[in-house]
Amino acid sequence: MASVTKQGSKWTIRYRSNGAQRRHTLPGGSSKRDAERLAREIQHAIDTTGSWEPLGNSAITLDGLHKQYVAERAVEGARPATLRGYEVIGRFVAFARGRAKVATIDQLNRATVSGWLSTIVDGGATPTTVANYSRKIQAWWGWANDAHPAEVPPPHMPKVKAPRPPIVRAPTWEQIDAMISGLSGHVRGRKYEPVAVRRAMLLQRYTGLRVGQVGHLRWSDFEPDLDDYGPAINISPALAKTAQEARANRWIPVHADLYRLLLEWRMEDGRPADGVLICGEVPRDIHDTVNGAWSRSGTPAERYQGHPTHALRKRLISHLVEMGIADSAIDHLVGHSPKGVRTRHYVDPLALFPALKAAVATIPTYYAAAQAKAV
């Protein structure tokens, strides 16, 4: 029977194959469980075929398996993001290869995968990134086992302790204003009119709406005085993200400074018809544009990276929480699903308007913040 012993810091399996006594030493970092599992596989191979050879002697390498895996999936029409995901496997193979010319199959084991994922954790990766990388390696390993069952063992993934999720702060009003002030008319070699993006960001800043909503607001959605409540914007069913938001067909208050800006914009545009977009044509690459403005503003990347426009929404919601505004009012303003039967069916939609109007009025104005920074 194959036996397991420890030689120094490594585990060794002794077995008899083809009439000769042999031994196989596992890579450093392998556990006793890894050794015992391989010993059972060795004994099974000897009992069924009469011999066993170390997988490292196989002509198949991890480098070759990586190339074959990518080649099978890099079909015409494959998304760039999908293909970039396979680079993760290449990084693991490079780790397993070390200083050798190729990464041998025996490196595809629990200990090596664990060691590589640990370097990802130590490098500051988020829990989501660690889990995503682990899934990609497991999928590739499973494919390799299906394609070469005699040489590649079944996936035996380690449990890696994910890092503690970082505290992601919302940008400050000053950082948001620096970003808006820094919006330029160029992005990645393309030229466009920055007015539309600047208007969209200012509308987001004062309303907390999603960027896709502010980009589609029309002058018909703006009401200078809604039933004597003051200026308001209608989030019509056409602008809603969900069916619940569409049914609400809600109106939200307009900050005094935003009201002034809206009047100025309409004058600048020559008093356009109601069906005209307030912002104009917002470019499709708005996230690249806003990312560039964030970068130029000097704002820490973790405050906007991955959500360059949603960061404004996060600041406004955080501000309302700081002001002690009720959750139902905040949900109504930003378009979250209402909670409770009363909110959905038995409350006048304008009942929340006065409280929201008072809360929105506490948002510092863009010009005041910009002037304070200049001083």
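Check the entry above for the structure.
Criteria and thresholds
- Residues numbered from 1 in each chain as written.
- Predicted model: local features only at pLDDT ≥ 70, side-chain atom pairs only at ≥ 80, totals over all residues.
- Heavy atoms only, no water.
- Helix = DSSP H or I, 4+ residues; strand = E, 2+ residues; numbered from the N terminus.
- Buried < 20%, exposed > 50% of the residue type's maximum accessible area, 1.4 Å probe, protein only.
- Contact = heavy atoms within 4.5 Å.
- Areas by Shrake-Rupley, 256 points an atom, 1.4 Å probe, with all protein chains shown as cover.
- Pairing = 2+ DSSP bridges.
- Axes fitted to C-alpha atoms, helices over the stretch in contact; angles between N-to-C directions.
- Parallel < 35°, antiparallel > 145°, perpendicular 65-115°, else oblique.
- Nonpolar A, V, L, I, M, F, W, Y, C, P; charged D, E, K, R; others polar.
- Expected span 1.5 Å × (residues − 1).
- Core = buried A, V, L, I, M, F, W, Y, C linked by side-chain atoms within 4.5 Å.
- Salt bridge = Lys/Arg side-chain N within 4 Å of Asp/Glu carboxyl O.

1. What to know about the overall build of the chain
The helix and strand inventory of the chain stands at 17 helices and 8 strands. For the chain, the residues scored as buried account for 44% of the 375 residues in total. For the chain, the share of sequence-separated contacts (at least 6 apart) that also reach a separation of at least 24 residues comes to 63%. Roughly 20000 Å² of accessible area belongs to the chain as shown, and the carbon and sulfur atoms make up 52% of that amount.

2. Overview of the environment of Gly275
Residue position: Gly275 is located in the loop between α11 (256-268) and α12 (286-297). Considering only alpha carbons, one finds Gly275 and Leu217, 58 residues apart in sequence, at a separation of 9.3 Å.

3. Comments concerning unusual backbone geometry
A positive phi angle is found at Asp227, which is not glycine, with a value near 50 degrees. Mapped onto the secondary structure, Asp227 falls in the loop between β6 (222-223) and β7 (232-234). A positive phi angle, near 65 degrees, is found at Asp228, a position not held by glycine. Along the chain, Asp228 turns up in the loop between β6 and β7. The class of Asp228 is exposed, set by a relative accessible area of 73%.

4. Description of the sheet that holds strand β8 (residues 251-253)
Whenever strands of a sheet pair, they do so through backbone hydrogen bonds, lying parallel or antiparallel. As summarised here, the arrangement of the 3 strands in space is β6-β7-β8, forming an open sheet in which the pairing is antiparallel. In this open sheet, the two edge strands, each paired with only one partner strand, are β6 and β8. Note: β6 against β7, 2 bridges, orientation antiparallel. By the bridge assignment for β7, Glu223 is matched with Ala232. Each of β7 and β8 touches helix α16 (residues 353-360); the most contacted strand, β8, lies at about 40 degrees to it.

5. Remarks on the packing of helix α2 (residues 62-73) against helix α4 (residues 87-97)
Following both chains from N to C, one finds α2 and α4 inclined at 170 degrees, their axes separated by 10 Å at the closest point. Regarding the angle of α2 to α4, the classification is roughly antiparallel. Only Ile89, Gly90, Phe92, Val93, Ala96 and Arg97 of α4 make contact with α2, whose side of the interface consists of Leu62, Asp63, His66 and Tyr69. Broken down by class, the residue content of the contact of α2 with α4 amounts to 6 nonpolar, 2 polar and 2 charged.

6. Description of helix α13 (residues 310-322)
Its 13 residues give α13 an end-to-end C-alpha distance of 18 Å, which sits within 8% of 18 Å, the value for a rise of 1.5 Å per residue. Elements that come into contact with the buried residues of α13 comprise α7 (173-181), α8 (195-207), α12, α14 (327-334) and α16. Directly after α13, the chain includes Gly324, whose backbone phi takes a positive value near 80 degrees.

7. Things to note about the nonpolar core
Core analysis: the biggest nonpolar cluster contains 49 residues, and Met179, Met201, Leu203 and Leu262 have the highest contact counts within it. At the level of elements, α7, α8, α9 (211-214), α11, α12, α13, α14 and α16 are the ones that each hand at least two residues to this core. When near neighbours in sequence (up to four residues on either side) are disregarded, Leu203 contacts Gly208, Val214, Leu217, Ile233, Leu258, Leu262, Trp265, Ile278 and Cys279. Grouped together as the second largest cluster of nonpolar side chains are 28 residues, Ala103, Ile105, Trp116 and Val130 included.

8. With respect to the environment of Leu320
Along the chain, the position of Leu320 falls in helix α13. Residue classification places Leu320 among the buried positions, given a relative accessible area of 0%. Counting along the chain gives 42 residues from Leu320 to Thr362, while the straight-line C-alpha distance between them is 9.0 Å. Leu320 has contacts with Ile325, Ile330, Leu333 and Ala359, leaving out every residue within four places of it along the chain.

9. Describing the environment of Glu223
Along the polypeptide, Glu223 turns up in strand β6. Among the residues examined, Glu223 registers a relative accessible area of 30% and is labelled partly exposed. It is 9.8 Å that separates the C-alpha atoms of Glu223 and Pro253, two residues lying 30 residues apart in sequence. Leaving out residues up to four positions away in the same chain, Glu223 has contacts with Gly230, Pro231, Ala232 and Trp251.

10. So, the pattern of salt bridges
Side chains that differ in charge, positive against negative, can pair when their charged atoms come close. Counted by the stated rule, this structure contains 8 salt bridges. The closest approach of N and O atoms between Arg205 and Asp177, which form a salt bridge, is 2.7 Å. Here Asp177 lies in helix α7 and Arg205 lies in helix α8, a separation of 28 residues in the sequence. The same class applies to Arg205 as to Asp177, namely buried. Here Arg315 and Glu322 are joined by a salt bridge, their closest N and O atoms 3.7 Å apart. By relative accessible area, which is 10% here, Arg315 ends up buried. Each of Arg199, Glu268 and Asp269 takes part in salt bridges that share partners, so that together they form one network.

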